[in-house]
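Next come the chains, spelled out residue by residue.
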Amino acid sequence: MTRSAFTAAAILALSLFSPAKAADPEPTKFVFGLVVPLTGPSSENGKSYALGAAAGVAMLNEMGGLAGEKVQLVVCDSQNQEQQAVLCTKRLTAQDHARVLIGAGSTPQTIAISPTAEAARVPLFAMCGGESAYTPVKPWIFKGLAGNPDQVPPAWVLAKQRGWKRVAIIHDNSAYGRDIEKFMLREAAESGVELVANEVYGASDIDMTAQVLRIRDANPDVVMNYALTVPAGAAIAKKLLQMDVHAPNIVGINLQNAAFVRLAGGALANTIFVGPRTLLGQTQTQAKPLTEAEQFAATYEKLNNQPVPDSLTPGPADAMLITRAAVAKLGKPADDPEALRAALESVSGVAGLQGTWTFTATDHGPVLGAGITTMVYKDGGWRGL
Amino acid sequence: MGFNSLAQTIFSGLSNGALYAFVALGFSLVNRSTGIINFAQGDLTMLGGMLTAVLAQAGVPLWIAVPVAALACTLVGAVFYQFAIRPARRATMTQLTIMTIGLSILIRGGVVTEWGSDPLSVPAFSGDSPLHVLGISILPQEVWLIGALLAMLLASAWFFQRTMLGLALRASAANPIGASYMGIDPAALGLVAFALAGFLGGLGGAIWSPIYFAQVDVGLGLGLKGFTAAVIGGMSTVWGPIAGGLALAMLEAFTGGFISSSWQDAVLYGAMLVMLLLRPQGLLGKAKPAGAADQEPSTSTRVRRVSLSGNEMGLLGGGVAMVALVPLLFGDVGVGNGIFALIMTIVVVGLVLITGYGGQLALGQGAFMMIGAYSSGCLTVRFGWPPLAAMALGMLLSVLAALALGRVIFRLHGYYLSMSSLAVLMICLTAAREWEFTGGANGIPGIPPFSVGGLVVASDAAFYWLALACAALAGFGALSLARSRVGRALLAVRSSESAARACGVDVVWLKSQVFAFSAAAASLAGSLYVHYLGIANPHPFGVDASIQQITALTVGGYMLLSGAYVGSVVVVALPAAITWLAGAAETQSVAGLQNVCFGALLIALIIAQTSGKWRNVGLPVSLRRSLRRVPVWRRAS
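Residues numbered from 1 in each chain as written. Chains lettered and ligands numbered in written order. Predicted model: local features only at pLDDT ≥ 70, side-chain atom pairs only at ≥ 80, totals over all residues.

1. A look at the overall build of chain B
Reasoning step 1: Looking only at helices and strands, one finds 25 helices and six strands in chain B.
Reasoning step 2: Expressed as a percentage of the 637 residues in chain B, the buried residues total 60%.
Reasoning step 3: Counting only contacts in chain B whose residues sit at least 6 apart along the sequence, the fraction spanning at least 24 positions is 78%. (Helix = DSSP H or I, 4+ residues; strand = E, 2+ residues; numbered from the N terminus. Buried ≥ 20, exposed ≤ 12 C-beta atoms within 10 Å, placed from the backbone. Contact = placed C-beta atoms within 7 Å.)

Here it is, written out as structure tokens:
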């Protein structure tokens, strides 16, 4: 009785478990695997990473590839789910033979894919805000994105410069929001500035009136609105204005993008963004030209007919520039994973788009410091303060 | 909080309450007329907003875009009823409710495929500048929303009291059999109810979207809030959902304003749970007369024989042997897919018993998965417990929680398990996210690989064998239970609860036992999941996971334990298969297409299983034939 059933089930299992029709990369190519959410609540961020990675690959190929090898990008949509992110990582390492991974768009998902990357012996550049993805040091995991330790201080530096004494912070209850809160509280304690409100909302909430009212009642000089998703951040910015809170609204790296500009409406004029200094065409020292940043900007503009739009786009490109420096150290094609990992661990002073990168055996998450700054959106582009 | 802020909080509650009332009214209309919980109501609301945004961006004036969006949603509701619900003549209420989950997934997939998942701004009807009245800041669009709800109220009052159709709907809701004797066609009323629910959703979404944004991701959340509002207010009257929507929004606003925004969800769903236990008919609902039992109205699964033959044992055994070949035949990706499919299988095996055999739609198995996941995470990482002991304790805690919960909720009937389990899941999610002991939203990283004694299950292949052993154990355990006195009593209860009760079956204790088994299985799956990923956080155990499990159950067959694996494989691997068919291009439209396929598959399978016409559509024909050979699947003529 069961023969036909098993035949059908076997055909189903065979068809679904069989390796995907991966575009088998030629062996001479160096494959970067990108795992990011292209769908789901953080898809805006995922698309920024994907566009940045595509421009980064084009840039590396324009620079002559990696030790003579052409560079290729394979992207996999994590759908903002841990399970899917892990399956993507397996596919990229096992089928697409990725030699370096970049992902996964959130701290828990980056932690979830780390064991798979480690087991496959493929270096992973963490695209997330939380330090816990690469601290304490894991041999195969490296920081790749300006994280929460980088994006929180510029807001407080600005507050100090402008003499804002009463600070309100608002964030969601996601892993990102809680991590931001930790750094905000640390900065508040160190700076001696009065934290007059610390508001939290649900990551899927659609109304933040209660939180904004408490902020209004606290009468802050500045509001630090570090939302995870663009709709939530834009809704808070608009709600602040509606409730007559005219204090400057500083938003985090996640919101420094075209979508926020499009959705914020009248609140845009009151918003200060945190993002990489290179988006302003500045170097960290304001002295020497940053060749790679300029080249990346030119490549991105050529591919997308617009300038680099946001803070997340340069993340994957920095991972690629760091890899380029490591391969240059090796002086040969990076076909030995352990050699590549060791070379990555010893790169020093790599001028990236978000800052200067130096990894050591005991530090895979350097603070980028002067690479991140504050800016506004004016006259159709990002402008320094 | 000063007077102004208090007044502002109240107005904010009113404004949000109007939105929730729109969604809740849709739930109530469909439920009163057909008995179905329409889980697509939130997505119909989202669709209304998206259509308005897209039309407005295309230059269509708002006074045309809004009615067009509302009418399009009306059409979606009507078409769904006519071509999905109506043909599924032999479907149980649980199956019909699952079909609405299919519609919800289908709408989301269609929106992502067509317009992407980016949020869209929608122009306000009469400007963005807030009005200031008595110190309250009011957006003109909020006035539109509240005004529209009032207009709907008046229209509803007129419709239900002055029109033949409205009177027929009320008559059918009060006494469906009596109404049909009077010549009222229940199918026509179902069509009207679904169309009206679509209209309400579309209109509410179109008017609300300028206040926030039009975005595909809001549908699920709106649906849950609307459902909760309908339960709190009561579904049996027009005023109940409106009162529920306002009460829910006020509770939300005041919890956020005076207690804590972090625990807002726990308070809301806790209120729903309390309402279910103390006043199941809702604030304004009418209690059923004493002795009037809830029966599944269209249940036709009358079971001729209640004992299982050895066929299913053979299917299970053969299935285990077949999937054991996966690591030998396929690479890492196949094994990875297989591990997740096996973990899901363990949960779905529990669902086969509670939903398939017990006829109770359980939407909160994620809560028990979380108990298992966090027991393993906390005890191994924080206290150095051996993984096996932590896993066992998690299962024990889940069993105790399920028994305690079951004793209370199984005293109620109908869709109360769905609502209660959903509420428990939402409370658990909030607790895990906010409690420091569970690591908050970041979760607990660094969970070690599973090990027994000195044997560490470190590699993927080894973990696959472990998951397979656990799935087989759960499957054979469930089979033994199904073949025991408990299983036979469950089938009797499913056919006629009153008759089973009259024969001396303790229905509450019976369902509690099965619920406890399914909780233990879910807990085992949760433990395995976090040992495999190395991190326990709330995100993977939410409502989305429950929907995937229900999809797997439907694909595999409600009463077929061996089908649990087939269903799980399809759910886990279908995304990869669709990507493969679409040419490996990882774009949003492919992701949208995956949801379209899932939704369409759910709807088509239920129609195929229950229409009596499409007998050869759905799962592979051969599998269906084999189902017919399992005696329990046969129906009386």
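2. Re the overall build of chain A
Reasoning step 1: A count of helices and strands for chain A gives 13 helices and 14 strands.
Reasoning step 2: Across the 385 residues that make up chain A, the buried fraction comes to 64%.
Reasoning step 3: Of all intrachain contacts in chain A linking residues separated by at least 6 positions in sequence, the fraction that spans at least 24 positions is 67%.

3. Things to note about the pairing of strand E7 (residues 194-201) of chain A
Each regular strand displays side chains that alternate between the two surfaces of the sheet.
Residue and element names in this part refer to chain A.
Reasoning step 1: By the bridge criterion, seven bridges tie strand E6 (residues 166-172) to E7 in an arrangement that is parallel. From the neighbouring strand, His171 faces E7, where its bridge partner is Val200.
Reasoning step 2: In the classification by handedness, the crossover that spans E6, the intervening helix H7 (residues 175-191) and the parallel E7 is right-handed. (Pairing = 2+ DSSP bridges. Right-handed = clockwise from strand over helix to strand, strands pointing away.)

4. Some points on helix H8 (residues 186-208) of chain B
Reasoning step 1: Taking 1.5 Å as the rise per residue, H8(B) with 23 residues should run 33 Å; its terminal C-alpha atoms sit 32 Å apart, in good agreement.
Reasoning step 2: Burial analysis of H8(B) places 19 of its 23 residues in the buried class, the great majority of the element. (Expected span 1.5 Å × (residues − 1).)

5. What to know about the sheet that holds E7(A)
By way of backbone hydrogen bonds, the strands of a sheet pair with one another, either parallel or antiparallel.
All names here are of chain A.
Reasoning step 1: Spatial ordering of the open sheet is given by E7-E6-E8-E9-E10-E13-E14, a layout of seven strands whose pairing is mixed. Two strands in the sheet have a free side with no partner beyond their single neighbour: E7 and strand E14 (381-384). Pairs of neighbouring strands in the sheet enclose a mean axial angle of 30 degrees, with direction left out of account.
Reasoning step 2: Helix-sheet contacts for helix H9 (residues 230-242) involve E6, strand E8 (222-225), strand E9 (249-251) and strand E10 (271-276), and the interaxial angle to E8 is about 160 degrees. (Axes fitted to C-alpha atoms, helices over the stretch in contact; angles between N-to-C directions.)

6. Considering the domain arrangement of chain A
Residue and element names in this part refer to chain A.
Reasoning step 1: Taken domain by domain, chain A comprises domain 1 (25-147 + 297-367) and domain 2 (150-280 + 373-384).
Reasoning step 2: Averaged C-alpha coordinates put domain 1 and domain 2 at centres separated by 28 Å.
Reasoning step 3: Listed by partner, the interface residues are 22 residues for domain 1 and 18 residues for domain 2.
Reasoning step 4: Of all the secondary-structure elements, those providing two or more residues to the side of domain 1 that touches domain 2 are helix H2 (43-62) and helix H4 (107-120).
Reasoning step 5: No other element matches the three residues that H2 contributes to the side of domain 1 that touches domain 2.
Reasoning step 6: For the side of domain 1 that touches domain 2, the class distribution of residues is 10 nonpolar, 10 polar and two charged. (Domains from an automatic or database assignment. Nonpolar A, V, L, I, M, F, W, Y, C, P; charged D, E, K, R; others polar.)

7. Observations regarding the nonpolar core
Burial of nonpolar side chains together is a common tendency in soluble globular proteins.
Reasoning step 1: Among the nonpolar cores identified, the biggest contains 347 residues, and A:Phe32, B:Ile346, B:Val352 and B:Ala467 are the most heavily contacted of them.
Reasoning step 2: Ranked by the residues each element gives to this core, the list is headed by helix H14 (residues 332-357) of chain B, at 17 residues.
Reasoning step 3: Aside from chain neighbours lying at most four places away, what touches A:Phe32 is A:Ala53, A:Val57, A:Val71, A:Leu73, A:Ala98, A:Val100, A:Ile102 and A:Met320. (Core = buried A, V, L, I, M, F, W, Y, C linked by C-beta atoms within 7 Å.)

8. Description of the environment of B:Phe541
Residue and element names in this part refer to chain B.
Reasoning step 1: Within the secondary structure, Phe541 sits in the loop between strand E6 (535-536) and helix H22 (543-556).
Reasoning step 2: Overall, Phe541 belongs to the buried group, with 28 C-beta atoms counted inside 10 Å.
Reasoning step 3: Spatially, the C-alpha atoms of Phe541 and Gln513 are 23 Å apart, while their sequence positions differ by 28 residues.
Reasoning step 4: The contact partners of Phe541, leaving out residues within four places of it in the chain, are Gly366, Met369, Met370, Ala373 and Leu429.

9. Overview of helix H11 (residues 264-278) of chain B
All names here are of chain B.
Reasoning step 1: Under the 1.5 Å per step criterion, the end-to-end length of H11 is 21 Å for 15 residues, consistent within 8% with the ideal 21 Å.
Reasoning step 2: Gln264, Asp265, Ala266, Leu268, Tyr269, Met272, Leu273, Met275 and Leu276 are the residues of H11 that are buried.
Reasoning step 3: Structurally, H11 contributes buried residues whose contacts are with helix H9 (218-233), helix H10 (239-259) and helix H17 (416-434).

10. Thoughts on the packing of helix H1 (residues 3-34) of chain B against H10(B)
Residues and elements named next belong to chain B.
Reasoning step 1: Look at H1 against H10: their axes get within 6 Å of each other, and the N-to-C directions meet at 140 degrees. Compared by their axis directions, H1 and H10 come out oblique. In this structure, H1 crosses over H10, and the sense of that crossing is right-handed.
Reasoning step 2: Grouping the amino acids of the contact of H1 with H10 by side-chain chemistry returns 14 nonpolar, 10 polar and one charged. (Parallel < 35°, antiparallel > 145°, perpendicular 65-115°, else oblique. Left-handed = near helix turned anticlockwise from the far one by under 90°.)

11. Notes on the domain arrangement of chain B
All names here are of chain B.
Reasoning step 1: According to the domain assignment, chain B consists of domain 1 (3-278) and domain 2 (311-585).
Reasoning step 2: The gap between the C-alpha centroids of domain 1 and domain 2 is 32 Å.
Reasoning step 3: Each partner contributes to the interface: domain 1 provides 20 residues, whereas domain 2 provides 20 residues.
Reasoning step 4: Those elements that place two or more of their residues in the side of domain 1 that touches domain 2 are helix H4 (93-115), H9 and H11.
Reasoning step 5: Broken down by element, the residue count for the side of domain 1 that touches domain 2 peaks at eight residues, all from H11.
Reasoning step 6: Considering only residue class, the side of domain 1 that touches domain 2 consists of 14 nonpolar, five polar and one charged.

12. A word on the packing of helix H15 (residues 365-383) of chain B against helix H21 (residues 507-533) of chain B
All names here are of chain B.
Reasoning step 1: For the pair H15 and H21, the least separation of the axes is 7 Å and the interaxial angle reads 50 degrees. Viewed along their axes, H15 and H21 adopt a mutual orientation that is oblique. When you trace H15 past H21, the crossing you get is right-handed. Each of Gln365, Phe368, Met369, Met370, Ile371, Gly372, Ala373, Ser375, Ser376 and Gly377 in H15 lies in contact with H21, whose residues at this interface are Ser518, Ala519, Ala522, Ser523, Leu524, Ala525, Gly526, Ser527, Tyr529, Val530 and His531.
Reasoning step 2: Its residues placed into classes, the contact of H15 with H21 shows 11 nonpolar, 10 polar and no charged.

13. Examining the sheet that holds strand E3 (residues 100-104) of chain A
All names here are of chain A.
Reasoning step 1: Across the sheet, which stays open at both edges, the five strands sit in the order E2-E1-E3-E4-E5 with parallel pairing between neighbours. The open sheet has two edge strands with one neighbour each: strand E2 (71-77) and strand E5 (141-143). If you compare each strand with its neighbour and ignore which way they point, the axes differ by 25 degrees on average.
Reasoning step 2: Bridge count between strand E4 (residues 124-127) and E5: three bridges; the pairing is parallel.

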